[in-house]
Amino acid sequence: MKNMEEYSLFDDVSKVVDHAASHMDIHPGLLDQIKQCNSVYKFNFPLRNGDGTYQVIEGFRVQHSHHKLPVKGGIRFSSFVNEEEVKGLAALMTYKCALVNIPYGGAKGGVTIDPTKYNTDQLEKITRRYTSELIKKKFIGPAIDVPAPDYGTGSREMAWIVDTFEAFNPDAINAKGCVTGKPLSQHGIEGRTEATGMGVFIGIREAVSIKEDMDALGLTVGLAGKKIIVQGLGNVGYYSAKFLEEAGAKIIGIAEYNGGIWNEEGIDIEDIKRYQVANKGFKGYSKGTFMEDTMSLLTYPCDILIPAALENQITLENANQIQAKIIGEAANGPVTQDADVILLEKGIMIIPDMYLNAGGVTVSYFEWLKNLSRVSFGKLEKRYDMKKYDLLLESIEKATGDTFSESQKEIIVRGASERDLVNSGLEETMVTAYHHMNGVRKEKQIKDLRTAGFIVALERIAISYMDLGIFP
Ligand code: GLU
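Here goes a summary of the coordinates provided. All figures in this text were calculated on a predicted structure; none of them were measured in a lab.

## Some points on the pattern of salt bridges
Charged atoms that come close allow side chains of opposite charge to pair. All chains considered together, the criterion is met by 38 salt bridges. Notably, a salt bridge pairs K87 with E84, separated by 3.7 Å at the nearest N-O pair. Of this pair, K87 and E84 both sit in helix 3 (residues 83-99), separated by three residues, roughly a single helical turn. Relative accessible area serves as the criterion here: at 26%, E84 is assigned to the partly exposed category. The residue E157 makes a salt bridge to R156 at a minimum N-O spacing of 2.9 Å. Given the relative accessible area of 5%, E157 is considered buried. Among the ionic contacts, a cluster of salt bridges with common partners joins R76, E85, K108, D150 and E311.

## Side note on the site of the ligand
Among the 14 residues in the neighbourhood of the ligand, the closest are listed as K72, K96, P149, D150 and S364. Contact between the ligand and S364: an oxygen atom at 2.5 Å from a side-chain N or O atom of the residue. Protein contact buries 95% of the 300 Å² of open area that the ligand shows by itself. Counting only elements with at least two residues in the shell around the ligand, the list comes to strand 3 (71-77), helix 3, strand 5 (145-149) and helix 12 (359-373). Its residues assigned to classes, the shell around the ligand shows four nonpolar, five polar and five charged.

## Quick notes on the pairing of strand 7 (residues 250-256)
Along strand 7, six of the seven residues are buried, which leaves the element largely enclosed by surrounding structure. As judged from the five bridges shared by strand 6 (residues 227-231) and strand 7, these two strands associate in the parallel manner. When the sheet's bridge partners are listed, K227 is paired in strand 7 with K250. Read from strand 6 through helix 8 (residues 235-246) to strand 7, the crossover connection turns out right-handed. Of the strand pairs in this sheet, strand 7 and strand 8 (residues 259-262) are connected by four bridges, and their pairing is antiparallel. Among the inter-strand pairings, A255 is bridged to a residue of strand 8, identified as G260. Counted along the chain from strand 7 to the antiparallel partner strand 8, the turn is two residues long.

Conventions and cut-offs
Within any chain, residue numbers begin from 1 and follow the written order of that chain's sequence. With pLDDT at 70 or above as the cut-off, local features in this predicted model cover only qualifying residues; side-chain atom pairs require 80 or more to be listed or tallied, and sums for whole chains, interfaces and linings still use all residues. Derived side-chain values reflect all non-hydrogen atoms in the structure, with water molecules and hydrogen atoms excluded from consideration. For this analysis, a salt bridge means a side-chain nitrogen from Lys or Arg found within 4 Å of a carboxyl oxygen belonging to Asp or Glu. Helix numbering and strand numbering both begin at the N terminus, where a helix is a DSSP run of H or I of at least 4 residues and a strand a DSSP run of E of at least 2. A 1.4 Å probe rolled over the protein chains alone gives each residue an accessible area, and that area as a share of the maximum for its type sets the label: buried under 20%, exposed over 50%, partly exposed in between. We call a residue near a molecule or strand as soon as one heavy atom of that residue lies within 4 Å of the molecule or strand. Contacts described as polar in this section are N or O atom pairs within 3.5 Å, which, within protein, must combine one atom able to donate a hydrogen with one able to accept it, while residues neighboring in sequence count only if both atoms come from side chains. With residues, only the protein chains shown are counted as cover, and all accessible areas are computed by Shrake-Rupley using a 1.4 Å probe. Under the scheme applied here, ten amino acids are nonpolar (Ala, Val, Leu, Ile, Met, Phe, Trp, Tyr, Cys and Pro), four are charged (Asp, Glu, Lys and Arg), and all others, including Gly, are polar. Two strands make a pair as long as DSSP finds a minimum of two bridges between them. Handedness of a crossover: with both strands directed away from the viewer, a clockwise path from the first strand across the helix to the second marks it as right-handed.

And the structure:
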């Protein structure tokens, strides 16, 4: 993976915002307000090691925009975490939520550690202490700021966060809504783990379904047979690849930080994931060619390249060599602003991060709603719907003399489960947002989806401020 030093994700995001604003009629004062981070909290705390030595751990939480509350965004554990990165990621969350119409301002948190270098006890201590630092300054709470998993964290860390928050707020009835991405047993929601990958899949499926756009790229319509390279086989990369493979696409390359794997005939995702977990990498995997130089895999010929790891991966250094026709940004900020210009000149279509990885925060929103209402989706209406559909089928059978098969009955009568409803809400959100963004691109005769996405987002945020009467 690329080095993050001297690169500012926040500056990159601000440049794109300025570019999008140049296509709009927006008050410069309002634009300045939208771009800035409203609150930046940086703190240090000690971690005592088993041998009596201490380490000082650095943590951040940035709330980019308070135009809607609570603010929302993940917590990242990575040695690359720094203030500029967290600010940039927080800003991206604001635009992401606005684009897919989820009612949150953007935020992000981070701890500058390599989580693979710490044992579970240490990670628990760090997570709980990080949470109490947020509680001290009121930087967390179901109505204030709601973290979620991000690179290097998952449901386990979210469980520690909610447990710590509840210990400090025993009388808060909505305490469970202080964080999303929790395990199911801790009031999480069905489908949150795979949500970002599912969203990536739906977003790419929509993009390749439009004949006019595919003709321009020299590609056929649909996912069947599309050759895909994925960077990162973590949660997002794995689920994206799995759903795309199930829809008929071929995953021909996977790049990981410790080596890549290549097979023109297609890589079986379940099989390689099992191998990766057991062997901590792809080295020795017999059904493909192992590649030490993992970054070079990004420049191999393919239809779709999906960077699903970290930001700053496609830069001035490698942009010219990219041979993919479509780049699906599953990670946040994987293509730098300078690289973006080159890729567009080459005629590559970029499905931007702020849209493509919005599935995670979308399902987080459903989880938060579930926590606030204190009832799981489908619980009240499921049986009622089943009885209604049963009666309906019976009367159709009577009226027509035909009978439905048992399997047909099962599909029709089965009431919607929590997972069905989550998937339906996710699909609706991703499909609507794609066509809105692409429509704006065409209407304003803009080359790229990113600028169009930022225009949609900026318009929504600007309206919030203007309706408050703060700006003209
Ligand atoms: N960390 C994810 C993101 O970057 C999810 C955020 C959330 O669910 O709040 O979108």
